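Summary of the model geometry
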Amino acid sequence: MTSPTRVLVLNSGSSSVKYQLLDMRERTRLASGLVERIGERTSRLKHTVPATGASRERGGPIADHGAALKAVAEELARDGLGLDSPELAAIGHRVVHGGMFFTEPTVIDDEVLTEIERLIPVAPLHNPANLTGIRTARALRPDLPQVAVFDTAFHTTMPEAAARYAIDPRIADRYRIRRYGFHGTSHAYVARETARLLGRDPADVNVIVLHLGNGASASAVRGGRCVDTSMGLTPLEGLVMGTRSGDLDPAVIFHLRRVGGMSTDEIDTLLNKRSGLFGLCGDNDMREIRRRIDAGDAEAALAFDIYIHRLRKYIGAYCAVLGRVDAVVFTAGVGENAAVVREAALADLETLGLAVDPVRNAAPGDGGRLISPDSARVAVAVVPTDEELEIATQTYALAGK
Ligand code: ADP
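All of the points below concern the structure found in this document. (Residues numbered from 1 in each chain as written. Predicted model: local features only at pLDDT ≥ 70, side-chain atom pairs only at ≥ 80, totals over all residues. Heavy atoms only, no water.)

1. What to know about the sheet that holds strand E1 (residues 6-12)
One open sheet accounts for 8 strands, arranged E5-E4-E3-E2-E1-E6-E8-E7; its pairing is mixed. With partners counted over all chains shown, the strands left at the sheet margins are strand E5 (54-58) and strand E7 (106-107), one partner each. Packed on one face of the sheet, helix H15 (residues 387-399) meets E1, strand E2 (17-23), strand E3 (28-36), strand E6 (88-95), E7 and strand E8 (146-150) and runs near 125° to E6. (Pairing = 2+ DSSP bridges. Helix = DSSP H or I, 4+ residues; strand = E, 2+ residues; numbered from the N terminus. Contact = heavy atoms within 4.5 Å. Axes fitted to C-alpha atoms, helices over the stretch in contact; angles between N-to-C directions.)

2. So, the site of the ligand
All residues adjacent to the ligand are Gly-213, Asn-214, Gly-215, Asn-284, Asp-285, Met-286, Arg-287, Ala-332, Gly-333, Val-334, Asn-337 and Ala-338. Gly-215 has a polar backbone atom sitting 3.3 Å from an oxygen atom of the ligand. In isolation the ligand exposes 580 Å². Once the protein is present, 65% of that is buried. Those elements giving two or more residues to the shell around the ligand turn out to be helix H10 (286-294) and helix H12 (332-337). When residues of the shell around the ligand are assigned to their parent elements, the largest contribution, 4 residues, is made by H12. Residue classes in the shell around the ligand are distributed as 4 nonpolar, 6 polar and 2 charged. (Near = heavy atom within 4 Å. Polar contact = N/O pair within 3.5 Å; in protein donor to acceptor, adjacent residues only side chain to side chain. Areas by Shrake-Rupley, 256 points an atom, 1.4 Å probe, with all protein chains shown as cover. Nonpolar A, V, L, I, M, F, W, Y, C, P; charged D, E, K, R; others polar.)

3. As for the pairing of E8
With 5 of 5 residues buried, E8 is to be regarded as a mostly interior element. Side chains of E8 alternate between two faces, with Gln-146, Ala-148 and Phe-150 and Val-147 and Val-149 buried alike. Alignment of E7 against E8, held across 2 bridges, turns out to be antiparallel. Bridge pairing links Val-107 to Val-147 in E8. (Buried < 20%, exposed > 50% of the residue type's maximum accessible area, 1.4 Å probe, protein only.)

4. What about the pattern of salt bridges?
Pairs can form between side chains of opposite charge whenever their charged atoms are close. Taken as a whole, this structure holds 29 salt bridges when the rule is applied. Between Glu-193 and Arg-196 there is a salt bridge, with its nearest N and O atoms 2.7 Å apart. Here Arg-196 and Glu-193 lie together in helix H6 (residues 184-197), a separation of 3 residues that amounts to about one turn. Arg-196 sits in the exposed class, given a relative accessible area of 57%. Residues Arg-292 and Glu-299 are paired through a salt bridge, measuring 3.3 Å at the closest nitrogen-oxygen approach. A relative accessible area of 11% means that Arg-292 is categorised as buried. Three or more residues are tied together by salt bridges with common partners; here these are Arg-56, Arg-58, Glu-74, Glu-75, Arg-78 and Asp-79. (Salt bridge = Lys/Arg side-chain N within 4 Å of Asp/Glu carboxyl O.)

5. Section: the packing of aromatic side chains
Summed over all chains, the structure comprises 3 aromatic pairs. Measuring from ring centre to ring centre gives 4.9 Å for Phe-101 and Phe-102, while their planes differ by 85°; the resulting arrangement is edge-to-face. A residue is classified by how much of its surface remains accessible, and Phe-101, at 54% relative accessible area, is exposed. Judged by relative accessible area, Phe-102 falls into the buried class, the value being 3%. The interplanar angle of 10° and the centroid separation of 4.3 Å between the aromatic rings of Phe-102 and Phe-150 together place this pair among those described as stacked. Placement of the pair is Phe-102 in the loop between E6 and E7 and Phe-150 in strand E8, with a sequence separation of 48 residues. For the pair Phe-102 and Phe-150, a shared accessibility class is recorded, and that class is buried. Three or more aromatic residues link up through ring pairs in this structure, and these residues are Phe-101, Phe-102 and Phe-150. (Phe/Tyr/Trp six-rings, centres within 6.5 Å; stacked < 30°, edge-to-face > 60°.)

Geometry only, nothing functional implied.
Shown next as structure tokens:
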């Protein structure tokens, strides 16, 4: 019998599960989908078979992650791709917070689960949901290797100077306060793909990666290793995002407590869910913001300017962190699609060797592509991210046979 080549990737959120089934020999996507609003009466499962473009939906209540995964298994089985298939080599789980402990993808056992659980205080929103997904999948296929791939792992190479906050180290250590960074799977994949696009060895290339989705983060990658990133203890630090504020003076929080009378939870919600582009102008979709700007909307224009200003500050900072920059790369929903953001982010930076060719930047394209002029000292690229493929690749490398 030939060895199994399929990997199921699960990304379990608090009320959703995203999944993809990939064949690692062919590097093809066999199925993908999403279960939303788990625990509500209006749960919904959307299942797609990329090869045919066929998709199915089912509604009705899905009580918990166990029920969600069972529903996913049923949908996969209808396409002859059931979880009981001997073709399935492993299940790869996205785990948001791996702390300092997990520097690499890890085969899950009871000890690993305990450690992920110990990290809940620094990732209260994400790790519990990830754990539920893992436990449910293990119950379904206890015989199968399950691998945790951590969002933080790629950033564990950051030097202490970048990872530490300037606070009393005894307090920092007691509460595990440091800059962990997130989106690491995407940053790692995109940095490597950028080197490939340039026809160079990743070990020789210095890259600034700009992951601009609804969540957004920047990283400075020297020779394939992360040396700085914009997110910190949590994904709140750094760039202006869809609904998160990114950087602000920490005293804003004291001020909101003392003068505004807000509770800690209210401030948490304000900064994580009601700030960023959404907080500034009521929209967090860049397409809608551009449409409003084109119609003369001043509020949307200011939100866009604040977003770009912060982004340019990080680009400048990471030029200084890296010293020599070979490429700046844009990825994720905004980075891959919004030419106007790429243009504004790098406008008038020729002194740093950075320039965008307007025709290349505006040209539509699906794959990785260069958008800098041939004469530019630093390559500027657009590289679509593929976190699921990266999770599957890492899972298969560790657990496939
Ligand atoms: P997530 O962080 O949820 O994974 P994505 O990487 O999918 O987010 O990015 C989603 C965001 O990408 C949307 O909120 C929207 O602002 C932006 N986006 C998607 N498509 C386009 C487009 N064609 N033009 C501009 N922005 C886009």
